[in-house]
Amino acid sequence: MHYEAVVTGLLPNGKAEVLIQPDKPGIPNAPAISARVCHCASNSSMVRIEALNRAEAEVGDWVSVSHKTADIMKNVCSLIGTPLAGLIAGVALGNLWGGTA
């Protein structure tokens, strides 16, 4: 995914703070969901992130920011996997301890 962003600050270690304002509000291809649940459903939605500054951009420069799909999948897996692991552990412990009463 690629986004247009403006550099708002320079950070150590070759990073920059950038401000992303999506060109289209909401979740792509899901307008009904965006209107109900997404905080980014408004035209004034902005996201501030730290990004690698490979282009050596300066404050005020417009840059293209992208992230790999694999990074998104890793975040989704941890978001879903952590509660799922807790659920499985809870069921296992409940069966183990519940049978002794």
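Residues numbered from 1 in each chain as written. Predicted model: local features only at pLDDT ≥ 70, side-chain atom pairs only at ≥ 80, totals over all residues. Heavy atoms only, no water.

**Some thoughts on the overall build of the protein chain**
Here comes step 1: Helix and strand counts for the protein chain come out as two helices and four strands.
Here comes step 2: Reading the protein chain from its N end, one meets helices and strands in the order β-β-α-β-β-α.
Here comes step 3: Per-residue burial over the protein chain gives 19% buried out of 101 residues. (Helix = DSSP H or I, 4+ residues; strand = E, 2+ residues; numbered from the N terminus. Buried < 20%, exposed > 50% of the residue type's maximum accessible area, 1.4 Å probe, protein only.)

**Overview of the pattern of salt bridges**
Pairs can form between side chains of opposite charge whenever their charged atoms are close.
Here comes step 1: With the rule as written, the count across this model stands at one salt bridge.
Here comes step 2: Here Arg48 and Glu17 are joined by a salt bridge, their closest N and O atoms 3.5 Å apart. Residue Arg48 is located in strand β3 (residues 47-52), and its partner Glu17 is located in strand β2 (residues 15-20); the two are separated by 31 residues in the primary sequence.
Here comes step 3: With a relative accessible area of 26%, Glu17 lands in the partly exposed category. (Salt bridge = Lys/Arg side-chain N within 4 Å of Asp/Glu carboxyl O.)

**Re unusual backbone geometry**
Here comes step 1: With phi around 65°, Asn13 is a residue other than glycine that occupies positive phi space.
Here comes step 2: Residue Glu56 is not a glycine yet carries a positive backbone phi of 55°.
Here comes step 3: You can see Glu56 is positioned in the loop between β3 and β4 (62-66).

**What to know about the sheet that holds β3**
Here comes step 1: The strand order β3-β2-β1-β4 describes an open sheet built from four strands, whose pairing is antiparallel. The sheet is open, and its two edges are formed by β3 and β4, each paired on a single side. For this sheet the average axis-to-axis angle between neighbouring strands, irrespective of direction, equals 50°.
Here comes step 2: Inspection of the sheet shows β2 paired to β3 by six bridges, in the antiparallel sense. The residue of β3 that forms the bridge with Val18 is Ile49. (Pairing = 2+ DSSP bridges. Axes fitted to C-alpha atoms, helices over the stretch in contact; angles between N-to-C directions.)

**Considering the nonpolar core**
Here comes step 1: Ranked by size, the top nonpolar core spans nine residues in total: Ala5, Val7, Ala16, Val18, Ile20, Ala51, Ala57, Val63 and Val65.
Here comes step 2: Contributions of two or more residues to this core are made by β1 (2-11), β2 and β4.
Here comes step 3: Of the residues forming this core, the biggest block, three residues, is contributed by β2.
Here comes step 4: Among residues more than four places away in sequence, those in contact with Val63 are Tyr3, Glu4, Ala5, Val7, Val18 and Ala57. (Core = buried A, V, L, I, M, F, W, Y, C linked by side-chain atoms within 4.5 Å. Contact = heavy atoms within 4.5 Å.)

**Re the pairing of β1**
Here comes step 1: Two strands pair when backbone bridges link them, and β1 and β4 are joined in this way by five bridges, in the antiparallel orientation. The residue of β4 that forms the bridge with Ala5 is Val63.
Here comes step 2: Relative to β2, β1 is paired through six bridges, and the arrangement is antiparallel. Considered in β2, the bridge of Leu10 is made with Ala16.
Here comes step 3: Following β1, the chain reverses through three residues before pairing antiparallel with β2; Asn13 in that reversal takes a positive phi of roughly 65°.

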